[in-house]
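Tertiary structure, described
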Protein chains: 2
Amino acid sequence: MNKHKIKIGLFGFGNVGRGLHELLQNVPETNVEIAAVCVRNIGTRPADYPELKFTTSAKEVFDDPEVNLIVELIDDAEAAYDIVVTALRRQLPVVTGNKKMLARHLPELILLQKEMNTALLYDASACGSIPVIRNLEEYYDNELQISVKGILNGSSNFILSKIFNDGMDHQEALRLAREKGFLESDPTLDLDGWDSLFKLVILTLHAFGVYVEPEKIFTYGITYMTDADIRFALEKGRRVKLIGHAEKTRDGRLVLAVIPQLISKNKFIYSCEDEFNGVVIKGLFYGKQFLVGRGAGGHPTSSAVLSDISAIRYDYFYRYKRMKSGDLPHFTNDISFRAYVRYHDDSELDMIGFEDISERYISGDTRYVVGRVNLRRLHEIRSYLAERKIFIAAYPED
Amino acid sequence: MNKHKIKIGLFGFGNVGRGLHELLQNVPETNVEIAAVCVRNIGTRPADYPELKFTTSAKEVFDDPEVNLIVELIDDAEAAYDIVVTALRRQLPVVTGNKKMLARHLPELILLQKEMNTALLYDASACGSIPVIRNLEEYYDNELQISVKGILNGSSNFILSKIFNDGMDHQEALRLAREKGFLESDPTLDLDGWDSLFKLVILTLHAFGVYVEPEKIFTYGITYMTDADIRFALEKGRRVKLIGHAEKTRDGRLVLAVIPQLISKNKFIYSCEDEFNGVVIKGLFYGKQFLVGRGAGGHPTSSAVLSDISAIRYDYFYRYKRMKSGDLPHFTNDISFRAYVRYHDDSELDMIGFEDISERYISGDTRYVVGRVNLRRLHEIRSYLAERKIFIAAYPED
């Protein structure tokens, strides 16, 4: 569609939608304009944005003969899915940022793109402004990929930074994050790791060519972290970060998890602070790459959306090259790793079933152990761990 | 050339050339092979690498009907230029990593690519494994670009890291860098900033659409740094880093320099250590992006070369979109900035012509001032500064 002017049918006019509108007004010569905006309630928007055409009818947008690209920026994952499918079926290319929808529906959306010969781009869905999907697709595509891991959620990272850098207590940091608008209306999405999980599923597909259903992946956040855990980390010279982790083992299996991790100073991720996201991509030959940028917010995310819009102008589409490799790694939870676990009574330790325990601490109400745990076991008893408010963090040797 | 097998005519078989060969042997299903290798002296190579065909004749490689892509990885910039021009004229796409050649000849090579409708890719030329050119071309192409700056030379960064992190003295760090093979045979290329300069010229073209001849850009390295300068930095809680810097001013002019800088802890670049390169790209909407990776070495660089080879398979070429913008910034050296300057006698201060001096220190042989200097003036008297072994570092307020 190189020669045409792009006329966007935009769904959703929240932070990112408004950011996109503002960006288009600021960037000269994009040859991109918003033809129509579909929102649930029109309200005062026509008065606030007289230059835009608002509607509540999706059909009206799809039927608009001017519209040649759909941008989907709404919250509701199932409604987003319907929009994306409708667009692809009409051979209208789509740009979306909806990670939950993608994490759930990617395999069929990949088939549908192929069937309809129409592109679906979504770099905004993982790590906002950081072009991590595009780079995995285009730049690291020949590499023997070893791992992709990092801070995939800006809100929880903001809270952890305030605690570990500025000495705020947990509640105070939470309050500040809320004030700054960094938390979703349902904060468990950020704090319990679900947002990171969706992004991890998407990144894994592009990095390793393998789709893993979200519910198969152990996901545990920072909700149950207390001052005792913070003290432990600081005493060891480490910081707690919430990490999404995808790694190929030496024997060619693929391990995935979202879990707090005690990060030592010598790691890139140690210095990734505030609302920034940071991803470390490791390959056999290029070694480590570290990409940092704003992971959320209207402006950074709309900037990623515009990059995808522009790519569609040049007929770009994801080739999912790695999925076609003959030698795909098999997903497994059957690995063990060293963890720090704060617990309340010994029955909990029995339930977790440590392979060994190398450190044990009991003082008043505070009890923790350091030992090797099995990831599959943790996944099986996840709801038990959460009910008991047990805090777990991976605690690598280095 | 999507369907064909890629058969490379390779020029040069140093670190990067050998790295590429090794990488191709390790990566399955690339459909890429080395058809012939042109070297200056064949020596024992046929015995060491019986699987490769060596020749000393460039003509033989170009005339080989099998060869459908040229990879140029030799040191000599003028010979590299001849190879690239010959290849493009024969409509053979080329991948090169020769920054010096590119910094010198890019404008004509851009025209030649267009005329011959043949791609020249060179992501390996700037920051080794970091895909910075590709991202500037493809991902940040719509953004209101503000600045691109960073550590563009791994060798000098290795030395500075050893001094500022491990407390080594200057000579010891130099020796270690030499031992590890991190220094060019002519170390002034790394230490005086020339290597960073060539990369800066290339990055600036892709970030701002403007080509600036290398000799117009003030370039000053760390050769004259002494213990007194290191002490000053440490006292202020800063580290010296050698920074390549391209920035658009508020009034739309473009300022470029390669200069040591006193970097404070709150900057991304502060923690970019050892032989790593780190680039901070700043745009109006996405904010700051920070990309880190290995900037040199056979494996990381050959990995970047293979990414370019693979891109050519998919008919990728640089569009130099930003050069076509109607509103290109004008290069200028006419700005002033705060600097730390260690000098020997007052005549040197007169020569530099400070706009103001805010700090002055004299103790025994050590004399320094902090004050505002004009970049154009520094550029005019560069050889005087070097002759007098004056050390200069930018010293931003934050």
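Residues numbered from 1 in each chain as written. Chains lettered and ligands numbered in written order. Predicted model: local features only at pLDDT ≥ 70, side-chain atom pairs only at ≥ 80, totals over all residues. Heavy atoms only, no water.

Looking only at helices and strands, one finds 15 helices and 17 strands in chain A. Its C-alpha atoms give chain A a radius of gyration of 22 Å, near enough to 21 Å, the size a compact globule of 398 residues would have. Each principal axis of the C-alpha distribution contributes one length, and for chain A these read about 70 × 50 × 35 Å. Residue burial in chain A is summarised as follows: out of 398 residues, 62% are buried. (Helix = DSSP H or I, 4+ residues; strand = E, 2+ residues; numbered from the N terminus. Rg over C-alpha atoms; globule rule 2.2 N^0.38 Å. Buried < 20%, exposed > 50% of the residue type's maximum accessible area, 1.4 Å probe, protein only.)

Right, let's get into the nonpolar core. The biggest cluster of nonpolar side chains holds 228 residues, and the ones touching the most others in it are I8 and I309 of chain A together with I8 and I309 of chain B. Contact partners of I8 of chain B, with chain neighbours within four places excluded, come to L20, L24, V32, E33, I34, A35, A36, V67, L69, V71 and I309 of chain B. (Core = buried A, V, L, I, M, F, W, Y, C linked by side-chain atoms within 4.5 Å. Contact = heavy atoms within 4.5 Å.)

All right, on to the relation of the copies chain B and chain A then. When chain B is fitted to chain A, the best match, at an RMSD of 0.0 Å, comes from turning it 180° and sliding it 0.0 Å along the axis. Overall, the copies show the geometry of a two-fold rotation axis. The C-alpha atom lying nearest the rotation axis in chain B is that of L291 of chain B; the distance is 2.4 Å. Here 98% of the interface residues in chain B have copies in chain A that are interface residues too; the copies meet face to matching face. (Least-squares fit on C-alpha atoms with pLDDT ≥ 70 in both.)

Let us now look at the packing of aromatic side chains. Taken as a whole, this structure holds 39 aromatic pairs over all chains when the rule is applied. A ring pair is formed by Y139 of chain B and Y140 of chain B, whose centres lie 5.5 Å apart and whose planes are at 90°; its orientation type is edge-to-face. For Y139 of chain B, a relative accessible area of 2% puts it in the buried group. The class for Y140 of chain B is buried, based on a relative accessible area of 1%. For the pair F232 of chain B and Y340 of chain B, a centre-to-centre distance of 4.2 Å together with 25° between the ring planes defines the contact as stacked. With F232 of chain B in helix α11 (residues 227-235) and Y340 of chain B in strand β14 (residues 336-343), the pair connects residues that are 108 residues apart, well separated along the chain. Three or more aromatic residues link up through ring pairs in this structure, and these residues are F232, Y340, Y361, Y368, F391 and Y395 of chain A. It is R338 of chain A that lies over the ring of Y395 of chain A; its NZ or CZ is 3.9 Å from the centre. The cationic tip of R134 of chain B hangs over the ring face of Y316 of chain B; the distance from NZ or CZ to the ring centre is 5.0 Å. (Phe/Tyr/Trp six-rings, centres within 6.5 Å; stacked < 30°, edge-to-face > 60°. Lys NZ or Arg CZ within 6 Å of the ring centre and 35° of its normal.)

So, on to the interface of chain B and chain A. Contacts between the two partners involve 49 residues from chain B, matched on the other side by 48 residues from chain A. Between chain B and chain A the total buried area reaches about 3900 Å² when both faces are included, carbon and sulfur atoms providing 55% of it. The largest share of the area that chain B buries against chain A comes from Y139, N142 and F285 of chain B, three residues that together contribute 22% of it. Linking chain B with chain A are zero salt bridges, by the criterion used here. There are seven residue pairs in polar contact (both at pLDDT 80 or more) connecting chain B and chain A. At the level of secondary structure, the elements contributing two or more residues to the side of chain B that touches chain A comprise α1 (15-26), α6 (132-138), β12 (287-294) and α12 (298-313) of chain B. A class-by-class count of the residues in the side of chain B that touches chain A yields 19 nonpolar, 18 polar and twelve charged. Here strand β12 (residues 287-294) of chain A pairs with β12 of chain B via five bridges, running antiparallel. Opposite Q289 of chain A, over in β12 of chain B, you have G293 of chain B as the bridge partner. (Buried area = accessible area lost by both parts, 1.4 Å probe. Salt bridge = Lys/Arg side-chain N within 4 Å of Asp/Glu carboxyl O. Polar contact = N/O pair within 3.5 Å; in protein donor to acceptor, adjacent residues only side chain to side chain. Nonpolar A, V, L, I, M, F, W, Y, C, P; charged D, E, K, R; others polar. Pairing = 2+ DSSP bridges.)

The next thing to look at is the packing of α1 of chain B against α12 of chain B. Residue and element names in this part refer to chain B. Relative orientation of the contacting elements α1 and α12 amounts to 65°, with a least axis distance of 8 Å. Judged by the angle between their axes, α1 and α12 are roughly perpendicular. As α1 runs across α12, the sense of the crossing is right-handed. Across from N15, V16, G19, L20, E22, L23 and L24 in α1, the residues of α12 making contact are G298, H299, T301, S302, S303, V305, L306 and I309. Grouping the constituent residues of the contact of α1 with α12 by class yields seven nonpolar, seven polar and one charged. (Axes fitted to C-alpha atoms, helices over the stretch in contact; angles between N-to-C directions. Parallel < 35°, antiparallel > 145°, perpendicular 65-115°, else oblique. Left-handed = near helix turned anticlockwise from the far one by under 90°.)

Attention now goes to the pairing of strand β1 (residues 6-11) of chain A. Residue and element names in this part refer to chain A. In terms of residue burial, β1 counts as a mostly covered element, since six of its six residues are buried. Residues I6, I8 and L10 of β1 are buried on one face, and the alternating residues K7, G9 and F11, pointing to the opposite face, are buried as well. Bridge count between β1 and strand β2 (residues 32-38): six bridges; the pairing is parallel. Counted as the bridge partner of I8 is I34 from β2. Bridge analysis of β1 against strand β4 (residues 69-72) gives four bridges, and the strand direction is parallel. Considered in β4, the bridge of I8 is made with L69.

What follows deals with the sheet that holds strand β3 (residues 54-55) of chain B. All names here are of chain B. The strand order across the open sheet formed by six strands is β3-β2-β1-β4-β5-β6, and the pairing between neighbours is parallel. Here the strands that pair on one side only, and so sit at the sheet edges, are β3 and β6 (120-121). Here strand β5 (residues 94-96) runs beside β6; their pairing, made up of two bridges, is parallel. Each bridged residue has a counterpart across the sheet, and for V95 the counterpart in β6 is L121. Sitting on the sheet, helix α4 (residues 77-89) touches β1 (6-11), β4 (69-72), β5 and β6, and the angle it makes with β4 is about 170°. Across the face of the sheet, α12 comes into contact with β1, β2 (32-38), β4, β5 and β6 while running at roughly 160° to β5.

So, about the pairing of strand β16 (residues 366-374) of chain B. Residues and elements named next belong to chain B. Counting buried positions along β16 yields seven of nine residues, so the element is predominantly enclosed. Here eight bridges tie β14 to β16, and the two strands are oriented antiparallel to one another. When the bridges of β16 are listed, V341 appears paired with V369. Here strand β15 (residues 356-363) folds back onto β16 in antiparallel fashion, the turn holding two residues, of which G364 has a positive phi close to 60°.

So, about the packing of helix α7 (residues 154-166) of chain A against helix α8 (residues 170-179) of chain A. Residues and elements named next belong to chain A. Two elements in contact, α7 and α8, have axes separated by 9 Å at closest approach and are oriented at 135°. Classified by the interaxial angle, the pair formed by α7 and α8 is oblique. Considering only the axes of α7 and α8, their crossing is right-handed. Along its contact with α7, which presents F158, I159, K162 and I163, the element α8 presents H170, A173, L174, L176 and A177.

Before going further, it helps to examine a negative patch on the surface. A contiguous patch of negative charge, built from D75, D76, E78, D82, E184 and D186 of chain A, is present on the exposed surface. You can see D75 of chain A is positioned in the loop between β4 and α4 (77-89). (Patch = residues over 30% accessible without salt bridge, like charges linked within 9 Å, V, L, I, M, F, W, Y side chains within 5 Å. Areas by Shrake-Rupley, 256 points an atom, 1.4 Å probe, with all protein chains shown as cover. Lys, Arg positive; Asp, Glu negative; His and termini not counted. Charge placed at Lys NZ, Arg CZ, Asp CG, Glu CD.)

Residues and elements named next belong to chain B. As for its position among the elements, I390 is in the loop between α15 (382-387) and β17 (391-394). Under the relative-accessibility criterion, I390 is labelled buried at 0%. Between the C-alpha atom of I390 and that of I130, which follows or precedes it by 260 residues, the distance is 33 Å. Not counting residues within four places of it along the chain, the set of residues in contact with I390 comprises Y220, Y224, V341, R342, H344, E348, Y384 and L385.

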